[in-house]
Amino acid sequence: MWPLSIPKGLRQTFRPRRRLAIAEACLIGLVAAFAAVFLKVASGWLGGWRVSVSHLAPAGIVLPAVGLSFGFLAGWLVDRFATEAKGSGIPQVKAALAAFPIALDLRVALVKLFSCILALGSGLAIGRQGPTVQVGAALAGQLSALIPTSPDHRRQMIAAGAGAGLAAAFNAPLAGVLFAIEELLHDVSGFTLGTAILASFIGGVVSRLLGGRSLELNLQLTASQTSFSIPEIPFYLLLGVACGLLGALFCHGIFASLKFYQRVVRLSLPFRVGLAGMVSGAIVALLPVFFRDNTGMREFLIAGEASPQLAAIAFVAQFGLTLIAFGSGAPGGLFAPSLMLGSALGYLVGLLETNMVGYGAPTTYALAGMGAFFGAVSKAPITAIAIVFEMTTDFNLLLPLMIGSVTSYLVADGIASGSIYDRILELNGIKLDKAAPKEGILTQLKASDVMQQRVETLSSKMTVDEAVQAFSRSHHRGFPVVDNGKLVGIITQSDLAAIGQRALPKDTPLEAIMTPKPLTVGTKATLADVLYLLNRYQLSRLPVVEGRKLVGIITRGDIIRVEADRLGGKNMEIGPRPQPSYVVYQTRSPSVGKGRLLVPLANPHTADALLQIAAAIARDRDYELVCLQIILVGRHNSPEETPVRTTSSRRLLRKAESIGRKWHLPVHTEVRVAHDVAFAILETIEHEHIDLLVMGWNAEPPSPGRIFGNAIDTAIRQAACEVVLVKLGASQGNKSLVIGNEPESDASPMSESYAQCPLPYAQCPIPLWDRWLVPMGGGPNAECAVRLLPALVALGYAPKIRLCQVFKPSQVVPTTPILDRAAQNLRQQLDSHLSVWKGKSGHSTPIPVLGTHIRGNSVSEAVTKLAKFDGSDVVLLGASREGFLEQAIKGNIPCAIARGCDCTVILVRGKF
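The text that follows walks through the structure, step by step, so that each part is easy to find. (Residues numbered from 1 in each chain as written. Predicted model: local features only at pLDDT ≥ 70, side-chain atom pairs only at ≥ 80, totals over all residues. Heavy atoms only, no water.)

## What about the overall build of the chain?
Reasoning step 1: A count of helical and extended segments in the chain gives 35 helices and 19 strands.
Reasoning step 2: Per-residue burial for the chain yields a buried fraction of 56% across its 912 residues.
Reasoning step 3: Accessible area for the chain stands at about 38300 Å²; split by element, carbon and sulfur atoms hold 58% of it. (Helix = DSSP H or I, 4+ residues; strand = E, 2+ residues; numbered from the N terminus. Buried < 20%, exposed > 50% of the residue type's maximum accessible area, 1.4 Å probe, protein only. Areas by Shrake-Rupley, 256 points an atom, 1.4 Å probe, with all protein chains shown as cover.)

Dropping the structure here:
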């Protein structure tokens, strides 16, 4: 696709994010503040109603009943409308920022908001600050989705929204900024700081103006009661150690509670949260009256009015009630419980010091304990210091907070390293990559380093008739229009097609119909800038200019090439890139399909099976087949000018046409001369508008730095379409149906299988695959693999499908695993595609779909053993979701499975 004319206001696209980011950050801070205040006011009102009702009626009945009903409603909202809203919400935000497919939008924000209000109103010992972070991030995600921007821009805005939510919840703008940097992004770039500061500042200011004070602390009272002296340092160190030890125990209890609800309490989310609310209400009814109001209890401790016995009871009760509530999956966070536990523990240490040495202020220890305990739990000591300091604005607390928070962090991290939010994600099967981001090649190289200097151009004085002849001689869909070396416009096939509608004469000059002032890039533009423009305006190439002089062209393929070279460890060649491939032979069929499927053919021995797979998918989706043969020439030769022989290539393509006729599919064929196989394939995908690519691969170990090989690595990483890789098994030829010109005789042992095959005889495929093994790991690519099954099972006679999920020996099997849902969805898809399968007995029976849980330390080893034990004909895999190539470099699971068993292995990667 060639760049179209862009409105003047959008033409300066190299820095589109600065002004947009400022406006977006302001809006994000505003909406996050309103949401935070609404959550605080609504949950406070509902909680106050619960407390007042408990005074009017027996607390032992009212509190459990309110906890059960409101907890059930909160769980039902989450389970029915947005499962992403359960729990704290911060782990979901971190996973979304790491590019995991977790939704952050208006739906999630609204569900989180109202379900958290109900959960807090039920009396569960959870906090509203964590949900406020997710609400702010979700609202930011929704706003970013409305404005087309780069993924990195959206990621920064989501982090700014999360920081604004925290700032609004605590009236602590600095804490919001530090939380976004320390816990979410681990990035201190100017762009991150600017947006986070702006959104957090507005969130904090608006929240304060609306009266949303975080803990309703009496700051004048605490200011008069806080103090610090040098002799007290050992006691603050003791407080830090105690907070570190008990904070680590608290985290361990959280994980134990989550596992308990998964393993023992086998109930749906609404019933789990309702049960937790009922139990919590019953326990609180047995405690003193002021335990029914957590905010009042914190004020009581900080004001220094509690006895040691009451502070100890408060710590133990809050500890246990939080484990009960959080483990159920209730929509609430750990900020407030951590602060409550820290204040109780700090108050006890302050009383200990007062009794031992006769001086010290328990209030100071209570406030320092809040920061220390939260720092031990979240592993974010800087944020903990900032939260408590901004809440109190008391400089006497700075040194106690720093001593306690840093000490507790070191102790807790020594016992169990890593943030509690990261560990919760790992418990749910999501592991975040801790590697520090490296500066990529996209920011190092310029457009002039990788552009193609040889560009075919037309003159504005050429006539339309001459332009039509130029298009007929070339496979390009557009040309730059150049006069005296200066770019003056572009002309595309669509421009020529519009001539007939306008009834213009053929001697009309191109300047009358061309698109003037096209979008361009300069020679000093980075590849990141170029890629942003290509994605933003859905282009495939951009002219490179110096002033108005056209000096080259840069395409997606050029960017893909240098990235692939970097992955392969090659020295990047700076300068002009290899020339585009050239079509030397081409056949066309009627374009009647809903899409196109590309099959590159190279090996005549595997072409039949590869084409049968492609044909089965194409027929199921109503696609056209595009069969490609590539002839390589040296880099010093021009693909357009080098003479080549196409006899063997055309012979292979005629075989593809024959198979297409048997499946009643339109088949297009072409032979390309190219410098590189991978980029010839990518050019074909671009020019032919390919929707799905089917390629063969072998399981031999690739060269160092590669996964499957140069061409396949590039395709699976960069092709915009869906990709299916097929490694044919060594024994596939022994289980096949050989298609002849006439059907077998009645006496033939294959005649019955032809009679029972659901396809017409002329379409009966090779090879014959019956036993399918599909490992399920979650994610979009696994779903893409399952969606292919209804088409692929047509390659069998009596297919049986086994879905499996691999768990580590120590891992808890979920109560509602992905496996069960996938099996149910697959059965529905098979029923809608094939209705029933006619087996050998002649009876109509559904295709069997089984589910199996297997345990093993290695995914590849466990799948390989199951494939051998089950006698599987095909293992169908979905490519890993994030960082596929990097993960494959470390483990290369598909190649390990392919080398470990003799069956066919098919790998699926969804469309970008």
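That covers the picture; the talk isn't over yet.
## A few points about a positive patch on the surface
Reasoning step 1: A surface patch of like charges, here positive, comprises Lys 259, Arg 263, Arg 266 and Arg 855.
Reasoning step 2: When its relative accessible area of 36% is taken as the criterion, Lys 259 is described as partly exposed. (Patch = residues over 30% accessible without salt bridge, like charges linked within 9 Å, V, L, I, M, F, W, Y side chains within 5 Å. Salt bridge = Lys/Arg side-chain N within 4 Å of Asp/Glu carboxyl O. Lys, Arg positive; Asp, Glu negative; His and termini not counted. Charge placed at Lys NZ, Arg CZ, Asp CG, Glu CD.)

## Observations concerning the sheet that holds strand S13 (residues 771-775)
Reasoning step 1: Pairing in this open sheet of eleven strands is mixed, and the strands run S7-S10-S9-S8-S11-S12-S19-S18-S13-S14-S17 from one edge to the other. What marks the edges here is a single partner per strand, and that holds for strand S7 (582-587) and strand S17 (849-855). The sheet shows a mean angle of 20° between the axes of neighbouring strands, direction not considered. (Pairing = 2+ DSSP bridges. Axes fitted to C-alpha atoms, helices over the stretch in contact; angles between N-to-C directions.)

## Here we look at the packing of aromatic side chains
Reasoning step 1: For the structure shown, the criterion picks out 15 aromatic pairs.
Reasoning step 2: Measuring from centroid to centroid gives 4.2 Å for Tyr 236 and Tyr 365, while their planes differ by 0°, and the two rings are stacked. Linking Tyr 236 in helix H11 (residues 233-263) with Tyr 365 in helix H16 (residues 362-378), this pair joins segments that are 129 residues apart in sequence. An identical accessibility class is assigned to Tyr 236 and Tyr 365; each is buried.
Reasoning step 3: Three or more aromatic residues link up through ring pairs in this structure, and these residues are Phe 170, Phe 179, Phe 335 and Phe 374. (Phe/Tyr/Trp six-rings, centres within 6.5 Å; stacked < 30°, edge-to-face > 60°.)

## A word on unusual backbone geometry
Reasoning step 1: Backbone geometry at Asn 171 places phi at a positive 55°, although glycine is not the residue there.
Reasoning step 2: By secondary structure assignment, the location of Asn 171 is in the loop between helix H7 (151-170) and helix H8 (173-185).
Reasoning step 3: The residue Asp 622 is not glycine, and still its phi comes out positive at about 60°.
Reasoning step 4: For Asp 622, the position within the fold is in the loop between helix H26 (604-621) and strand S9 (623-632).
Reasoning step 5: Accessibility expressed as a relative area gives 37% for Asp 622, which makes it partly exposed.

## Comments concerning the pairing of strand S2 (residues 486-492)
Reasoning step 1: With respect to burial, S2 is a largely interior element, six of its seven residues being buried.
Reasoning step 2: Where strand S1 (residues 478-483) meets S2, six bridges bridge the pair, whose relative direction is antiparallel. Bridging across to S2, Gly 478 finds its partner in Thr 492.
Reasoning step 3: Once S1 ends, the chain turns through two residues before running back antiparallel as S2, passing Asn 484 with a positive phi of about 55°.
Reasoning step 4: Looking at chain direction, S2 and strand S3 (residues 515-516) are connected through two bridges and run antiparallel. Bridge pairing links Ile 490 to Thr 515 in S3.

## Examining the nonpolar core
Reasoning step 1: If you look at the biggest cluster of nonpolar residues, it comprises 91 residues, and the most contacted ones within it are Phe 250, Phe 335 and Ile 420.
Reasoning step 2: For this core, the element with the highest residue contribution is H11, accounting for eleven residues.
Reasoning step 3: For Ile 420, the contacting residues outside a window of four places in its chain are Cys 251, Ile 254, Phe 255, Leu 334, Val 377 and Ser 378.
Reasoning step 4: One finds Ala 618, Val 671, Met 776 and Val 786 within the second-largest nonpolar core, a separate group that totals 56 residues. (Core = buried A, V, L, I, M, F, W, Y, C linked by side-chain atoms within 4.5 Å. Contact = heavy atoms within 4.5 Å.)

## Structural notes on helix H28 (residues 677-688)
Reasoning step 1: Under the 1.5 Å per step criterion, the end-to-end length of H28 is 16 Å for twelve residues, consistent within 8% with the ideal 16 Å.
Reasoning step 2: The buried fraction of H28 amounts to eleven of the twelve residues, a majority that puts the element mostly inside the structure.
Reasoning step 3: For H28, the complete set of buried residues consists of Ala 678, Phe 679, Ala 680, Ile 681, Leu 682, Glu 683, Thr 684, Ile 685, Glu 686, His 687 and Glu 688.
Reasoning step 4: With a side-chain oxygen lying 2.9 Å from the backbone nitrogen of Ala 678, the N-terminal cap of H28 falls on Asp 676.
Reasoning step 5: Phi turns positive, to about 55°, at His 689, one or two residues after H28. (Expected span 1.5 Å × (residues − 1). Polar contact = N/O pair within 3.5 Å; in protein donor to acceptor, adjacent residues only side chain to side chain.)

## Notes on the packing of H11 against helix H19 (residues 420-427)
Reasoning step 1: Here H11 crosses H19 at 25°, and the two axes come no closer than 11 Å. Between H11 and H19, the interaxial angle falls into the category roughly parallel. Both H11 and H19 take part in a crossing whose hand is right-handed. Of the residues in H19, those in contact with Cys 251, Ile 254, Phe 255, Leu 258 and Lys 259 of H11 are Ile 420, Arg 423, Ile 424 and Leu 427. (Parallel < 35°, antiparallel > 145°, perpendicular 65-115°, else oblique. Left-handed = near helix turned anticlockwise from the far one by under 90°.)

## Here's the deal with the environment of Leu 533
Reasoning step 1: Secondary-structure assignment places Leu 533 in helix H24 (residues 527-536).
Reasoning step 2: Distance in space between the C-alpha atoms of Leu 533 and Thr 520 is 9.2 Å, their sequence separation being 13 residues.

## A word on the pattern of salt bridges
Reasoning step 1: Evaluated as defined, the whole model comprises 13 salt bridges.
Reasoning step 2: The closest approach of N and O atoms between Glu 688 and Arg 588, which form a salt bridge, is 2.6 Å. Here Glu 688 is found in helix H28, whereas its partner Arg 588 is found in the loop between S7 and strand S8 (595-600), with 100 residues between them in sequence.
Reasoning step 3: Exposure remark for Glu 688: the relative accessible area of 8% places this residue in the buried category.
Reasoning step 4: What makes Arg 588 partly exposed here is its relative accessible area of 40%.
Reasoning step 5: One salt bridge connects Arg 596 with Glu 688, and the closest N-O pair in it is separated by 2.6 Å. Of this pair, Arg 596 sits in strand S8 while Glu 688 is found in helix H28, placing the two residues 92 residues apart along the sequence.
Reasoning step 6: One salt-bridge network, held together by shared partners, links Arg 588, Arg 596, Glu 624, Glu 670, Arg 672 and Glu 688.

## Concerning the side chain of Glu 232
Reasoning step 1: Tracing the backbone shows Glu 232 in the loop between helix H10 (219-225) and H11.
Reasoning step 2: At a separation of 3.3 Å, a polar atom in the side chain of Glu 232 contacts the side chain of Tyr 365.
Reasoning step 3: Beyond its immediate chain neighbours, meaning those up to four positions away, Glu 232 contacts Ser 227, Glu 353, Tyr 359, Gly 360, Ala 361 and Tyr 365.

## Observations concerning the environment of Ser 52
Reasoning step 1: Residue position: Ser 52 is located in helix H2 (residues 17-56).
Reasoning step 2: Here Ser 52 falls in the partly exposed class, since its relative accessible area comes to 36%.
Reasoning step 3: Note: C-alpha distance between Ser 52 and Arg 292 (240 residues apart in sequence) is 9.9 Å.

## Section: the environment of Lys 868
Reasoning step 1: Looking at the element boundaries, Lys 868 is found in helix H33 (residues 859-870).
Reasoning step 2: Accessibility expressed as a relative area gives 56% for Lys 868, which makes it exposed.
Reasoning step 3: For the pair Lys 868 and Gly 900, spaced 32 residues apart in the sequence, the C-alpha separation amounts to 9.1 Å.
Reasoning step 4: Not counting residues within four places of it along the chain, the set of residues in contact with Lys 868 comprises Gly 900 and Cys 901.

## Overview of the side chain of Thr 392
Reasoning step 1: Of note, Thr 392 is situated in helix H17 (residues 381-392).
Reasoning step 2: Taking relative accessible area as the criterion, Thr 392 reaches 3% and is therefore assigned buried.
Reasoning step 3: A distance of 2.9 Å separates the side chain of Thr 392 from the backbone oxygen of Val 388, its partner in a polar contact.

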